[in-house]
Amino acid sequence: MAQRGLPQSKEALLQSYNKRLRDDLRSILDNFTEIIKTAKIEEDTQVARSTQSEQDFYEMNVRAANIVRAGESLTRLVSDLKQALTLSDFPWVCEAVALRAAQLHAVREDCDRRLLALRDDIATDLYELEEEFYSSRYK
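Residues numbered from 1 in each chain as written. Predicted model: local features only at pLDDT ≥ 70, side-chain atom pairs only at ≥ 80, totals over all residues. Heavy atoms only, no water.

Per an unreviewed UniProt entry, the protein goes by the name Mediator of RNA polymerase II transcription subunit 22 and belongs to Eptatretus burgeri. What UniProt records for the protein under Subcellular location (unreviewed entry) is the sentence "Nucleus". (UniProt positions renumbered as here; feature names shortened; annotations may be inferred.)

Enquirer: Describe the layout of surface pockets, listing the residues and the values that go with them.
Expert: One number sums up the size of the largest pocket: a volume of about 310 Å³. Taken together, 13 residues line the largest pocket, and the ones lying closest to its centre are Lys40, Ile41, Glu42, Gln52 and Asp56. Looking at the lining of the largest pocket, the elements with two or more residues in it are helix 1 (8–39) and helix 2 (49–88). The greatest single-element share of the lining of the largest pocket, amounting to 6 residues, is contributed by helix 2. For the lining of the largest pocket, the class distribution of residues is 4 nonpolar, 4 polar and 5 charged. The calculated volume of the second largest pocket comes to roughly 250 Å³. At the level of secondary structure, the elements contributing two or more residues to the lining of the second largest pocket comprise helix 1 and helix 2. Residue composition of the lining of the second largest pocket, grouped by class: 7 nonpolar, 1 polar and 2 charged. (1 Å grid on protein atoms, 1.4 Å probe; cavity = no way out; pocket = protein on both sides within 12 Å on 5 of 7 lines; lining within 4 Å. Points joined across faces, edges and corners; volume = space filled by probe spheres on them. Helix = DSSP H or I, 4+ residues; strand = E, 2+ residues; numbered from the N terminus. Nonpolar A, V, L, I, M, F, W, Y, C, P; charged D, E, K, R; others polar.)

Enquirer: Let's hear about a negative patch on the surface: which residues, and what values?
Expert: A grouping of Asp121, Asp125, Glu128, Glu130, Glu131 and Glu132 is seen on the molecular surface, where their side chains present a negatively charged patch. Secondary-structure assignment places glutamate 130 in helix 3 (residues 90–134). Owing to a relative accessible area of 38%, glutamate 130 belongs among the partly exposed residues under this scheme. (Patch = residues over 30% accessible without salt bridge, like charges linked within 9 Å, V, L, I, M, F, W, Y side chains within 5 Å. Areas by Shrake-Rupley, 256 points an atom, 1.4 Å probe, with all protein chains shown as cover. Salt bridge = Lys/Arg side-chain N within 4 Å of Asp/Glu carboxyl O. Lys, Arg positive; Asp, Glu negative; His and termini not counted. Charge placed at Lys NZ, Arg CZ, Asp CG, Glu CD. Buried < 20%, exposed > 50% of the residue type's maximum accessible area, 1.4 Å probe, protein only.)

Rendered as structure tokens:
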């Protein structure tokens, strides 16, 4: 990855994000797999069914909590990635601001052009109405 020309700190940050992503996804997958395994009913057990049921219930709750924790960690990771992209990519931000300013400038010019055409049309119509009114015998 170092051949991309990224600074060492950015490279380490990207590797950290990648590790967090893999760890959280592995945690979700492992816990979900274990919940499915726990849901299977075993016929031959040495423990009473009610005891086994309580133990399975507790284990499922713990594993579900682990899945939720990993999901929240992934959400934080997405937020961190967005923040890092926004804060560290100044050329992109400047380009996006300049592009948006150019778009808004074009919209303003279009609105100005349309308003001027509308003003001219209204002035022409008003002149014609005034001529009609003043030349009318009903004034």
